Structures are given as structure tokens and as C-alpha cells.
Amino acid sequence: ETGPAGPPTGEASEFLTFTGSTGLAQMFANGAIYAARTGAGAGQAFFVQGAILAKYLALGGPAGLLGMPAGDEFRVEGRTRQLFEGGELEYAAGEAEARASLKPRRPLVSVTPPVVTPGNRVRIVVGGFAPGATVRVAITGKPDFEVRTETGAYTWEQYVAPGAASGRVVIRASSGQESAEGSYEIRALSSQSGRLSIASGDGQSGLPGALLPQPLRVAVRDAAGNPLGGVTVRFAVSPGAQLTAASAITDATGHAETRLRMPDLEGVALVTATALGQVVTFKALAVAGGLVNFPRFTQSGSTRMGPGPATIGEKGALLAAASSILRYYQNLGALPTGNGLAEPSLLNQFLSAFCAVDAEGREICDGYITGAGDPVVNLWRLGEFVGGNLQVIPEKTDPAAIRDRLAAGAPVLLALALESAGGPLGAHFVVATGVREDGRILVHDPNPALARTVLEEYLTGFQAAGKPVFARITAALRLAPGAASATGFLVAATGVSFELASAEGPCGQTVEWPATLATAELKQIGAEMFRSRYCPGDSPAYQLDVVPESARRFTLTDLAALGSRFELEVAGPAAFAVSRRLGRLAVGAQRASIQSEGIVNAASFTPQLAPGGLMVIAGDGLARPGEPTQVEIGGLPAHVLSATAFRLIVEIPPELPAGEYPVQVRSPYGIAESRIRLDPVAPAIFYSESGWGAIVNHNGTLNSPTSPAERGKAISVYCTGLGKAVPAGSVSVVSEPVKVMLDGIELDASFAGAAPGYRGVYQVNVLVPPSVPPRLDGSLRLRQGHAVSNRVSVAVD
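Cut-offs applied
- Residues numbered from 1 in each chain as written.
- Predicted model: local features only at pLDDT ≥ 70, side-chain atom pairs only at ≥ 80, totals over all residues.
- Heavy atoms only, no water.
- Helix = DSSP H or I, 4+ residues; strand = E, 2+ residues; numbered from the N terminus.
- Buried < 20%, exposed > 50% of the residue type's maximum accessible area, 1.4 Å probe, protein only.
- 1 Å grid on protein atoms, 1.4 Å probe; cavity = no way out; pocket = protein on both sides within 12 Å on 5 of 7 lines; lining within 4 Å.
- Points joined across faces, edges and corners; volume = space filled by probe spheres on them.
- Nonpolar A, V, L, I, M, F, W, Y, C, P; charged D, E, K, R; others polar.
- Expected span 1.5 Å × (residues − 1).
- Core = buried A, V, L, I, M, F, W, Y, C linked by side-chain atoms within 4.5 Å.
- Contact = heavy atoms within 4.5 Å.
- Patch = residues over 30% accessible without salt bridge, like charges linked within 9 Å, V, L, I, M, F, W, Y side chains within 5 Å.
- Areas by Shrake-Rupley, 256 points an atom, 1.4 Å probe, with all protein chains shown as cover.
- Salt bridge = Lys/Arg side-chain N within 4 Å of Asp/Glu carboxyl O.
- Disulfide = S-S within 2.5 Å.

Here we take up the environment of glycine 60. Summarising the element assignment, glycine 60 is placed in the loop between helix 1 (50-58) and strand 5 (74-76). The exposure class of glycine 60 is partly exposed, given its relative accessible area of 39%. Sequence spacing of glycine 60 and threonine 151 is 91 residues, and the spatial spacing of their C-alpha atoms is 9.3 Å.

Applying the stated criterion across every chain yields a total of three cavities of 30 Å³ or more. Here the largest cavity is characterised by a volume of approximately 60 Å³. If you go around the largest cavity, you meet twelve residues; those closest to its centre are Lys315, Ala317, Ala427, His428 and Ala518. The set of elements that each furnish at least two residues to the lining of the largest cavity consists of helix 2 (312-315), helix 3 (317-332) and strand 34 (423-435). Considering each element in turn, the lining of the largest cavity owes the most residues, three residues, to strand 34. A volume near 50 Å³ is recorded for the second largest cavity. What lines the second largest cavity is Asp366, Ile369, Asn378, Leu490, Ala492, Thr555, Thr557 and Arg565. Within the residue set of the lining of the second largest cavity, elements represented by two or more residues are strand 38 (489-494) and strand 44 (552-558). Partitioned by chemical class, the residues of the lining of the second largest cavity number three nonpolar, three polar and two charged.

Take helix 3 next. Across its 16 residues, helix 3 extends 23 Å between first and last C-alpha, which sits within 8% of the 22 Å expected from 1.5 Å per residue. Burial of helix 3 is extensive: 13 of the 16 residues sit out of reach of the surface. Following helix 3 by one or two positions, glycine 333 has its phi on the positive side, about 80°.

Here the largest pocket is characterised by a volume of approximately 860 Å³. Lining the largest pocket are 27 residues, and of these Leu16, Thr22, Thr155, Arg775 and Asp777 lie nearest its centre. Looking at the lining of the largest pocket, the elements that each hand over two or more residues are strand 1 (13-16), strand 2 (22-28), strand 11 (121-127), strand 13 (142-148), strand 14 (154-159) and strand 64 (775-784). The element that contributes the greatest number of residues to the lining of the largest pocket is strand 14, accounting for four residues.

With that out of the way, let us pick up the nonpolar core. Counting 48 residues, the largest nonpolar core has Leu379, Leu382, Leu413, Phe429 and Trp513 as the members making the most contacts within it. Residue contributions to this core peak at nine residues, all from helix 3. In this structure phenylalanine 429 touches Ala317, Leu318, Leu413, Leu414, Ala415, Pro446, Trp513 and Leu517, once residues within four positions along its chain are discounted. Within the second largest apolar cluster, 25 residues are counted, among which are Leu207, Ile441, Leu450 and Ala464.

It is worth spelling out the environment of leucine 390 at this point. Here leucine 390 is to be found in strand 32 (residues 390-395). With 401 residues separating them in the primary sequence, leucine 390 and arginine 791 have C-alpha atoms 46 Å apart. Apart from the residues lying within four places of it in its own chain, the contact partners of leucine 390 are Leu326, Leu335, Leu382, Gly383, Leu479, Ala480, Pro481, Gly482 and Ala484.

Let's shift gears to a nonpolar patch on the surface. A surface patch of nonpolar side chains, amounting to about 310 Å² of accessible area, comprises Val268, Leu270, Leu285 and Val287. Mapping leucine 285 onto the fold places it in strand 26 (residues 278-286).

Quick look at the state of the cysteines now. Tallied over the entire structure, the rule returns two disulfides. In this model cysteine 355 forms its disulfide with cysteine 365; the gap between the sulfur atoms is 1.8 Å. Where cysteine 355 bonds to cysteine 365 through sulfur, the torsion about that S-S bond is close to 105°, and the disulfide is right-handed. Of the two residues, cysteine 355 sits in the loop between helix 4 (344-353) and strand 28 (356-357) while cysteine 365 sits in the loop between strand 29 (363-364) and strand 30 (368-369), which places them ten residues apart along the sequence. According to the relative accessible area criterion, cysteine 355 is partly exposed, its value standing at 30%. The class of cysteine 365 is partly exposed, set by a relative accessible area of 45%. With a sulfur-sulfur separation of 2.0 Å, cysteine 507 is cross-linked through a disulfide to cysteine 535. Residues cysteine 507 and cysteine 535 are joined by a disulfide whose S-S torsion is about 90°; by sign, that bridge is right-handed. Placement of the pair is cysteine 507 in the loop between strand 40 (505-506) and strand 41 (510-514) and cysteine 535 in strand 42 (residues 529-535), with a sequence separation of 28 residues. Residue classification places cysteine 507 among the buried residues on the basis of a relative accessible area of 7%. Exposure remark for cysteine 535: the relative accessible area of 0% places this residue in the buried category.

Here's what the structure looks like:
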């Protein structure tokens, strides 16, 4: 703001010049900045000010006679001058107005790049014509089209299908007596002498059975060094190793890649990449390894662990394992040491004395989680020992995923459920620290009575205390340096299963292990499980579904500053609403409710609704898995297509006339009511997963820039809200005619009616005229009478 331009006075806006250059323009207090995206000045920006800016704007700015600036102003022979695509402006001191010198316009056709491989795009510019000229364009092998230009230019991208044959494509543009011609060459892959080479990833080493850190990437280029996109590259690997992808297509930069999982044994792994009849070979080495200087604390001594009767010597595996991991990161300098260097006795002392304070001044002393079963180290309070700089991250429990984390240099805390002859022996904890030459996972075992060195001994079984012992992994966790969420909360219980979700989906991951910790004698115990689930808490509302094995208590603890602890009791399945209000977590019984303005069109997400269409109801407590939710609109039952706690997708009864109606939702959590207004029609187009319109081309492919509609062929638009439909033979057609607005051109629909097999969904078929100008980023809307739909993107070749 303190520079020559001063502060901005408006938003940036796009422009197109008469030469086909595109860019952004923005006004500032003392002038304007024009930045070119494409064209001769692509990547450059220039400042225009004073008398030159006044004259430039009077001549239409970048869309006018002069086009884009070609440089900043300069002084020569006492005059201030600035060059533009279409000429120049100059003035001398004392002159009231800048003088324009215009170059004659010459029609042009330019294509970038001039040579293209199938599967890529070219940018075509038709320009240099008079402002407002109607230009006719002829393209080899495609229908001619006409386009009325505002600036004298039209530009678009052309997608070259992967199967296109080699050849020259000529573009001829004409307006009146003026014309220009350009071309580009398609070179099919079969006719190219491309070169396959290794781009990156060769010569890596990794742990046996783990993914290599970096992908294996190849590059495919033509004889001139230009990248070749759309080339199929096939990968093959030596026995014992695995690939994440056996083939890949090169992107616009000419690159394709795969990932390699090393064999379980030490040795060399080879991967070949084949394309265009050429082969390159990657070499990788599987080498045993692990965490260097990992501390190995054991559960020794007799320090009392938490408020219960257990001691470190008997049941301190989790405390010793956690201490080892914290100390490992402290030794690396990744965690602070303000409370001392972690070791079991000191960490036990810290957790036993730890108490947080809630907003009312009540103490929450939960360094250990107590209740049914043995006291459990509260892993989510360990961060307090290291200045709040610790995250607890659940991982997959399969050995391959554990090896991958070790390959990234991270120890993994493993919770094991020990068993003997089918009887449970309790929970035990070890830390995965490396991988042996035979692929087996090295562990630090804090229990001297068990003292296993590799994880597989637990998984396949061994003898201890005179009995066979087996284990299954119930949880894998990383205790990783990094600040946890400031709004996180923790649910913990024994003998209770629970699910936690927000409108965005499930939150967190439940981790579990036996509620009773294994003893040195390996006595058989009950089968109850301790479960906990951490949620970052960054959504406004959650539903907590709880299923107890019998009457149980569980806790929900707000881990935010001054957060509260909630002790809840359930005797059967129940649901709780969890939300953060004014910074504080609130927990209560779930009740059905509908958000204010929470009923919208399922396609456009606007309030416009029509009979027979689909609507979304947003709220809380709207559904529970396995139990029905009923919806009535105006006293008529409405079909529920999809139901979650926070969202229902509902078909509006088609027999309802336009008007205002009450909406009633009956869920397992009560009744919620609202009101809606129905219009006769409310057209709205669905979006595809890519964000483009839900439009299907004549060949059945979903419309996109790499699968554009062909001019002269039909497309089908999938939408909702088209109102009343009446039978017409084997189909139903809408009563109100539908128009399709394609880049501002109004077209008649050849069919508009119910989409077969889909409730609440309509289908509109329309022929794309051959004369429509092509665009890979065009726009499409529907119109019924005065009602206009949302805009969606459409690609036309």
C-alpha cells in the first residue's frame, strides 16, 4: 500500500485482448496493474498510471483497441511513452491528454504447442479481427462454427483424444474479407521416437517388507525433449516385492510413477518400466535396520502406578513403553525436557499428580484413566509432560503398515491382547523399533518375564509361565512430536462400544485393548475391553452413539484449556449430542432438530424446491443406524433415500401442488419440525465428484475436459426440481418445457423427464449444435419459465 500503486480499490478481473492474450487487471489508488496469463507477455505484469491510464481506459483498456501493455512506461526525448499490443500511448509535460498511435490489426491464428501428443491439449487463439466481429472458424475434421467476438478474438483449448491418429489439423478463421490460418500437428505415439528414462527414485534402500520412501518415477520425452503425456508405462517387479501400480499413464509433464514395497528378506529388488518399446530398470536394496539408540525401559521396581493397587513391576508395560518413546524423541531434540528426561518412575510420578482445572475451578486428575479394570496410562495427557508438544496418532495394525512407519523413522506403540488356549491373559504393550533381515519386526518388550525380541513371536506363539501364549494386535499408535488440537476431546470406557461422527463423517478412531493388564503369572482374566477415542473437535456438533455390554459408566473429557469432564451412565444403547458452545464443550442427550434454513435443494443447495424433487434436511439426531427415520411433508409421507445423524436426502411427494408446507421428521431421537415453500419448478443440476456438472456424453462417458461433448451429438443433463411429470408411453415427461443455456445460447431440450430408475432425479437431453463454439470450460444452465438453475461447467470439443 505504501508503493507507487497505493492500496487496491477493487477486485481483480479477467480480460481477453484482441490478440487472444488473457490475464487479470486490478485497479489501485494511483493506477492499474495488468498481468498476462497467456500470450506473448505471459507471466509478466505492468503498471499503467496517470494520463496514459486515462486514455487507455477511454480506448477500452485491455479489451479495447490497444490490448495488453507490453511494458512499463518510459521517457524518451522529454515524452512519457508506454507500449501495448496494439500500439502506444505518449504525452509530454503540460499536455492534457495522452496521444494514441495504433498499429493496424492483422488477423491471426496461433496454436500452442504446435506439436501435440494424443491425450493432451492445445490452446488455439483466433484474433486480430475488428471489435465485435463475427468470426467463422473451420477446423479439419470438425464442424465449422461462428462466434461473435467482443474484442476481435476468441480462444479455447482443444483436447486431443488418446487414440487420435497422426496428422495436421488446420484452423482457418475469417470475417468478411479478412482471414487467417494456423495449424498444429498430432503425432501419435506409434510414430514417435520417444525416449524413456528414469526421473527419480533409483538406488534407494529400505527396510524389508516396507514401502520405499520415494516413488519410482520415469519420464517420457520426444526427440526434441518435449514431455509426452498419455503414454502407458508398464511396471514389473522381481519376485517377493510388490508394486502399488502395475501401470500408469504419463501426465502433462511426461512423468509416470509407482511405489515399491520391498521383499521381506534382505537383498536387491528390481523394477522394470516399459514404454514405447524401451525398458529402464530401477534397483533397490532391502536392508535390515531400526531406530538407533532407542531407550529400553523395563517394568521394574515397585513404584505404585496411579491410584490403584498395581505397580510398575507387575503391570507397567504401557508406562515403560511410553517412557521409552518420549525419551527417544527427547534424545533427538524433538521433544522438550522441561519436566525432566522421561523414565518410568518420573513419568509415573508426573501422571499420578497431574490435575487439570475446568472453567469452574474443579480439578480433573486423569493422568491415569480409572474405572472398571486396571488404571490405564492416559496417553492423551502425556503431552503435558513435554509442554503440550505430542500427538497420539492411531495407525493400521497390520505388520506392513507398522514397517512403513518404522521406515519413516517412527517407533510404533503396539497394544497386544494375550491369550492362552482360548482364554484371555490381559493386555501387554511393546514398541516396534526396527525390521530384521528376514522381515520380522523388532520390538522392545518392557516385560522381562516375556522378553520377546520380535513381534512375530507374539503372533505365532511361544511358551511362558508353563503355557502357550499368543497375541493379537488390538491397537497401533504413534506418539509423535507436534501440537495436538486445541479443541480435542477424549471418550474412554470399559465394556462399552461407541461411534462418534459429525456432519463431515466419523471423527477419530477407536483404540482398544483388554481392560485388565497381563500379570507376570499370566493368569486368565475376563474378556472386557477398554476403549478410547480421541476427536480433534473442529466441527460444531457430533453425535456419540454408545452401546454398553451392561449398565456402565464412561467419561468424555474436554482436553481444551479449562475443559470439563463428563461422567455418563448408560444401561442400554444411547446417543449423546456433543457440541462446543462459546468455547466450552457441552454434552447432553441427543434430540432430533432441524437447522434454521437447513432444508435445501439436493443439487443446488439453495432454498428453491419443487414437487417431485430431492431435498436435503440438515440438523442433529436425524437418524440412527439400523432404525428407520420417517419424514412427512404436508401430511404426506416422503421417501427417505439416505439418512445419517446430520443429513437426510428426501424425495418431495410429487403429488403436492406449489405452496407452503410443514415438514416433520420422526427419528429415534424425537420429532423435529420446520416449514418449506414449494414452487411449481426449481431446476437444479447435480455436480459430479470432480465438481463439473453431472452431464453424460452421447457415448456414455461423464463430461469433463478430458472427455468433452462432441458438437452435433446429444448430451444428458442430470438434475432435480423440474416439477410435475406426466406419463408419455414408457417414460414420464415434465409439464413445464425446459430450455438449455449453453454458454448463453438457448437450446430446446429433446427430452425432459424422470430419469429411469432414480427417485427425484430428472434427465434433460439436448443436442449440442455443430455451430456452437468449442470450450473446455464452458457453462450450462437450465431454464423453466422464469426459473433458472445453478451454473455448472461443461466441456465441448
